[in-house]
Amino acid sequence: MDSEVLELRGKRLLIGKKTYIMGILNMTPDSFSDGGQHNTYEKGIEEAFKMIKEGADIIDVGGESSRPGYIPVDKEEELKRILPSVKDLCSNTETIVSVDTMKAYVAQKALEAGAHIINDIWGLQREPDMARIIADYDAGVVIMHNKDIAEYKDVVKEVIEFLKKSIEIGEKAGIKRNSMIIDPGIGFGKTLDHNLEVMNRLNELKCLGLPILIGTSRKSMIGKVLNLDVNERIEGTAATVAAGIVKGADIVRVHDVKEMVRVAKMTDAMVRR
């Protein structure tokens, strides 16, 4: 995508000039990487401000783990986990706030609290009201590919077809095209080989004409290739971030903000000349 403006409920990002960093704030006891580390308001907001200081452009707040075998939580529990941090960040910082949820009700309450983006791991295809609610608040949306069973004839073609359908759902509901971000869903409904193929062919998603986000940070793809525990995957994450930027990623969703800001800045210096 050439330089264009991404409109996120009053916030604007110029796409094409640099890679934007989305810092992950898991307000959960059971997330795969950092579950329980930031699952109180005090711990969470401290981590959020640390990531902002380190260079995060967006903070992505989540209240329900989406790791394999996760335990679902009800909407009230999810809101209890995330709303205090969302309100604080929206009131006391200029940082873009994203909320990672697959529930339309949670999305609405988060947007009422001031959130700028809804990050939907089912790409507007699970809950019928999700797209309408996002449109009503003129918010941004991350449309991610997902699948219950990891079976494909051509994984990249199927990801693109899924995302096309999601974009159409969003546009019909009134979401502006320049408020949409696409995410191929690394680690969601895909085997190791599928994930590696998507990363290798990421540039093919440019046919959709929207900013591309990737979330590879500390994921099992890295663990399997390097045979390393989840907390030893920073170099592997750095490799996926650099390769992703070369292949067209505009936003990277990461745990290790300080280090990935440096990786992105160095990669940008080479590829965004």
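Up top you'll find the structure we're talking about.
Figured I'd write up the structure that's included with this text. (Residues numbered from 1 in each chain as written. Predicted model: local features only at pLDDT ≥ 70, side-chain atom pairs only at ≥ 80, totals over all residues. Heavy atoms only, no water.)

The next thing to look at is the overall build of the protein chain. Along the backbone of the protein chain there are nine helices and 10 strands. Whereas a compact globule of 273 residues would reach a radius of gyration of roughly 19 Å, the protein chain reaches 17 Å, a difference of no more than 12%. With the principal axes as the frame, the protein chain shows a C-alpha extent of 40 × 40 × 40 Å. The burial tally for the protein chain puts 56% of its 273 residues in the buried class. The long-range fraction of contacts in the protein chain, counting pairs at least 24 apart against all pairs at least 6 apart in sequence, stands at 66%. Here the protein chain contributes 39 positive and 43 negative side-chain charges, whose respective centroids are spaced 3 Å apart. (Helix = DSSP H or I, 4+ residues; strand = E, 2+ residues; numbered from the N terminus. Rg over C-alpha atoms; globule rule 2.2 N^0.38 Å. Buried < 20%, exposed > 50% of the residue type's maximum accessible area, 1.4 Å probe, protein only. Contact = heavy atoms within 4.5 Å. Lys, Arg positive; Asp, Glu negative; His and termini not counted. Charge placed at Lys NZ, Arg CZ, Asp CG, Glu CD.)

This brings us to unusual backbone geometry. At Arg9, a residue that is not glycine, the phi angle is positive and equals roughly 55 degrees. Relative to the assigned elements, Arg9 resides in the loop between β1 (4-8) and β2 (11-15).

The next subject is the sheet that holds strand β3 (residues 20-26). Here we have eight strands laid out as an open sheet, ordered β8-β7-β6-β5-β4-β3-β10-β9, and parallel in their pairing. For this open sheet the edge positions go to β8 (180-183) and β9 (213-214), each flanked by a neighbour on one side alone. With three bridges joining them, strand β5 (residues 96-100) and strand β6 (residues 117-120) adopt parallel strand pairing. When the sheet's bridge partners are listed, Val99 is paired in β6 with Ile118. (Pairing = 2+ DSSP bridges.)

Next up on the list: the environment of Ala131. Structurally, Ala131 can be placed in helix α4 (residues 130-136). Overall, the relative accessible area of 3% leaves Ala131 in the buried class. Sequence spacing of Ala131 and Arg177 is 46 residues, and the spatial spacing of their C-alpha atoms is 12 Å. The contact partners of Ala131, leaving out residues within four places of it in the chain, are Leu124, Ile169, Gly170, Ala173 and Ile175.

Our focus in this paragraph is empty space enclosed by the protein. Under the counting rule described, the total for this entry stands at one cavity of 30 Å³ or more. Roughly 50 Å³ of volume is contained in the largest cavity. Lining the largest cavity are Glu64, Ser66, Glu78, Asp100, Thr101, Met102 and Ile121. Of the residues in the lining of the largest cavity, the class split is two nonpolar, two polar and three charged. (1 Å grid on protein atoms, 1.4 Å probe; cavity = no way out; pocket = protein on both sides within 12 Å on 5 of 7 lines; lining within 4 Å. Points joined across faces, edges and corners; volume = space filled by probe spheres on them. Nonpolar A, V, L, I, M, F, W, Y, C, P; charged D, E, K, R; others polar.)

Further remarks concern the packing of aromatic side chains. Each aromatic ring pair is described using two quantities: the centre-to-centre distance and the angle formed by the ring planes. For the structure on display, the rule yields zero aromatic pairs. The ring of Trp122 carries Arg126 above its face, with NZ or CZ at 3.7 Å from the centroid. One residue, Lys147, lies across the ring of Tyr152, its end atom 4.3 Å from the ring centre. (Phe/Tyr/Trp six-rings, centres within 6.5 Å; stacked < 30°, edge-to-face > 60°. Lys NZ or Arg CZ within 6 Å of the ring centre and 35° of its normal.)

Further remarks concern the pattern of salt bridges. Tallied over the entire structure, the rule returns 23 salt bridges. Two residues, Arg253 and Asp60, come together in a salt bridge whose shortest N-O distance is 2.8 Å. Placement of the pair is Arg253 in strand β10 (residues 251-254) and Asp60 in strand β4 (residues 58-62), with a sequence separation of 193 residues. No difference in accessibility class separates Arg253 from Asp60, as the two residues are buried. (Salt bridge = Lys/Arg side-chain N within 4 Å of Asp/Glu carboxyl O.)

Bringing helix α6 (residues 192-200) into the picture now. Buried within α6 are the following residues: His194, Asn195, Val198 and Met199. The arc that holds every buried residue of α6, seen down its axis, measures 135 degrees, which confines them to one face. Buried-residue contacts for α6 involve α5 (155-173), β9, α7 (220-226) and α8 (234-246). (Arc of directions from axis to C-beta.)

As defined by bridge partners, β1 adjoins β2 across five bridges and the pair is classed as antiparallel. Its bridge partner lying in β2, Leu8 is registered against Lys11. Between β1 and β2, which pair antiparallel and follow one another directly, the connecting turn spans two residues, one of which, Arg9, has a positive phi of 55 degrees.

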